[in-house]
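Residues per chain are reported as follows:
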Amino acid sequence: MTHRAAEVAELIELIQKLCGVCLNESKLYLLETRLDEILVRHGLASYQELARAAASPGALKLRQEIIEAITTRETLFFRDEAPFQALQHKVLPELIDLKEKTPFPRRIRIWSAACSTGQEPYSIAIVLRETIPNVDAWDVQILATDISQEAIDKASCGEYEPFEVQRGLPQRLLHKYFQQQGKVWRVRDSLRWMIKFERRNLLDPFTGLGPFDIVFCRNVLIYFDKPTRRDILLRLCRVMPEYGYLFVGSSEYLGEFGPQFRPQHHCRAVYYRPNLPAQQPQQSGLGSGASV
Ligand SMILES: C[S@@+](CC[C@H](N)C(=O)[O-])C[C@H]1O[C@@H](n2cnc3c(N)ncnc32)[C@H](O)[C@@H]1O
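These numbers come from a predicted model, not from an experiment. (Residues numbered from 1 in each chain as written. Predicted model: local features only at pLDDT ≥ 70, side-chain atom pairs only at ≥ 80, totals over all residues. Heavy atoms only, no water.)

Q: Would you take a moment to explain the confidence of the model for the protein for this structure?
A: Close inspection of predicted coordinates is inappropriate for parts of the model with low pLDDT. Across the protein, pLDDT averages 92, with 93% of residues at or above 70. Below a pLDDT of 50 lies the segment residues 280-292, which in the model reaches 24 contacts outside its immediate sequence neighbourhood of four places, other chains included. (pLDDT = per-residue confidence, 0-100. Contact = heavy atoms within 4.5 Å.)

Here it is in structure tokens:
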């Protein structure tokens, strides 16, 4: 099926409103490979018809189908390695010390804010278990969210194909934290109970969430335009305490959002501590328009 660029403008706008993913006509091939099947299934003749059908108030299911088709859920265990090493060797030891001075010294809250099919939050849970010997005596919770229902369903099921556990997961950790059941590897309850999975759109207000000591918001901001990235980042700051740690993807540089987002380095890892008072800009003007 071929589509003229002019026809797709309405659909591109709708996709951005639904999930923030910012496309342009140069990504026509992406729309074609991912959405043409929806057109056929619903008997629609053009992207314009699809955009109009999906914009109607009752079309929740169709809108979710578009989101499922358009989101890129590429992920793997311990993606990029360095952030998880920083978590283990720098952030958690530092956080455990900091927590001593708070009213809840044994409570840790972490948010994996675009968790895809779960490899990221399970990697975080493994790091917690490998780093804190008596972790079961701690009040630890990892909230793992994603806009894709298919991703959340797979993540909370916790079953992975052999090719998935071969990507990034060392053999020692595979045998310690997963159980082979037939052809699949199932995550053990010791990890599963640490994580709460929920479908959530980063464009929606973060009402009722937080505070989170650590936020992983990795490899999702790249799909959004600059105002959307900025809005999400500012709202993330508001659900993190002063000492909070923020991890983004290795290609997601936050320096363009002001001195508040000064990178912190540990070995090859980069993370941010955007709420530290010493790093607050004199006159930020960043807060305008962003709602938590
Ligand atoms: C490339 S994956 C990254 C997964 C993981 N964080 C990692 O780094 O491996 C991007 C994820 O962002 C999710 N996503 C895209 N737009 C979103 C939105 N508006 N709200 C929440 N999640 C979103 C997609 O469904 C996808 O699972």
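What follows picks up the thread again.
Q: Would you explain the pairing of strand 9 (residues 263-266) in this entry?
A: Regular strands place side chains that alternate from one sheet face to the opposite one. Going residue by residue along strand 9, you find Gln264 and His266 tucked away on one face and Pro263 and His265 left uncovered on the opposite face. Looking at chain direction, strand 9 and strand 10 (residues 269-272) are connected through four bridges and run antiparallel. Its bridge partner lying in strand 10, Pro263 is registered against Tyr272. Linkage of strand 9 to strand 10, two consecutive antiparallel strands, is achieved through a turn of two residues, within which Cys267 is found at a positive phi near 50°. (Buried < 20%, exposed > 50% of the residue type's maximum accessible area, 1.4 Å probe, protein only. Helix = DSSP H or I, 4+ residues; strand = E, 2+ residues; numbered from the N terminus. Pairing = 2+ DSSP bridges.)

Q: In this structure, what is going on with helix 5 (residues 82-99)? I would like to understand it.
A: For an α-helix the count is 3.6 residues per turn, leaving residues at separations of three or four pointing the same way. For helix 5, which comprises 18 residues, the first-to-last C-alpha distance of 24 Å matches the rise-based estimate of 26 Å (1.5 Å per residue) to within 8%. The largest bend along helix 5 reaches roughly 40° and is located at Val91, with the proline Pro93 sitting one to four residues downstream. Within the sequence span of helix 5, burial applies to Ala82, Pro83, Phe84, Ala86, Leu87, Val91, Leu92, Leu95 and Lys99. (Expected span 1.5 Å × (residues − 1). Bend = angle between axes of the 7 residues up to and from the residue.)

Q: Please explain the site of the ligand as it appears in this structure.
A: Close to the ligand lie 21 residues, the nearest being Cys19, Thr75, Ala114, Asp146 and Asn219. Between Asp146 and the ligand, the recorded distance is 2.6 Å, taken from a side-chain N or O atom to an oxygen atom. A distance of 2.8 Å separates an oxygen atom of the ligand from a polar atom in the side chain of Asn219. The fraction of the free accessible surface of the ligand (610 Å²) that becomes covered by protein chains is 99%. (Near = heavy atom within 4 Å. Polar contact = N/O pair within 3.5 Å; in protein donor to acceptor, adjacent residues only side chain to side chain. Areas by Shrake-Rupley, 256 points an atom, 1.4 Å probe, with all protein chains shown as cover.)

Q: Could you clarify how one ought to interpret the sheet that holds strand 4 (residues 178-181) in this entry?
A: Read from one edge of the open sheet, three strands run 3-5-4, paired in antiparallel fashion. Since the sheet does not close on itself, it has two edges, and those belong to strand 3 (159-160) and strand 4, each with one partner.

Q: I'm lost on the nonpolar core in this one. Help?
A: Side chains of nonpolar character tend, in soluble globular proteins, to be buried together. If you look at the biggest cluster of nonpolar residues, it comprises 53 residues, and the most contacted ones within it are Ile15, Leu31, Leu35, Trp111 and Leu246. In terms of residues, this core owes the most to one element, helix 1 (residues 5-19), which gives seven residues. A domain-level breakdown of this core finds at least three residues from each of domain 1 (5-70) and domain 2 (82-279). Grouped together as the second largest cluster of nonpolar side chains are 46 residues, Phe78, Ile132, Val135 and Met194 included. (Core = buried A, V, L, I, M, F, W, Y, C linked by side-chain atoms within 4.5 Å. Domains from an automatic or database assignment.)

Q: How should I be thinking about the domain arrangement of the protein in this particular structure?
A: The accessible area lost on association of the parts is a frequent measure of interface size. Each domain of the protein was delimited in the assignment, giving domain 1 (5-70) and domain 2 (82-279). For domain 1 and domain 2, the distance between their C-alpha centres works out to 30 Å. Tallying the contact residues gives 10 residues for domain 1 and 10 residues for domain 2. Looking only at domain 1, the three residues that lose the most surface to domain 2 are Cys19, Gln64 and Glu68, adding up to 47% of its buried area. Inspection of the domain 1/domain 2 interface yields zero salt bridges. One can count eight residue pairs in polar contact (both at pLDDT 80 or more) joining domain 1 with domain 2. (Buried area = accessible area lost by both parts, 1.4 Å probe. Salt bridge = Lys/Arg side-chain N within 4 Å of Asp/Glu carboxyl O.)

Q: What is the right way to look at the pattern of salt bridges in this model?
A: Side-chain pairs of opposite charge can arise whenever the charged atoms involved come near each other. Inspection of every chain in the model, using the stated rule, returns 23 salt bridges. Residue Arg73 pairs with Glu150 through a salt bridge whose shortest N-O separation is 2.9 Å. Here Arg73, found in the loop between helix 4 (60-70) and helix 5, pairs with Glu150, found in helix 7 (residues 149-157); they are 77 residues apart in sequence, far enough to count as distant. With relative accessibility at 25%, the residue Arg73 sits in the partly exposed group. Here Asp213 ties to Lys99 by a salt bridge, and the two come within 3.0 Å at their closest N and O atoms. Residue Asp213 is found in the loop between strand 6 (195-199) and strand 7 (214-217), and its partner Lys99 is found in helix 5; the two are separated by 114 residues along the sequence. Since its relative accessible area comes to 5%, Lys99 is described here as buried. Among the charged side chains, a salt-bridge network with shared partners connects Glu37, Arg41, Lys61 and Glu65.

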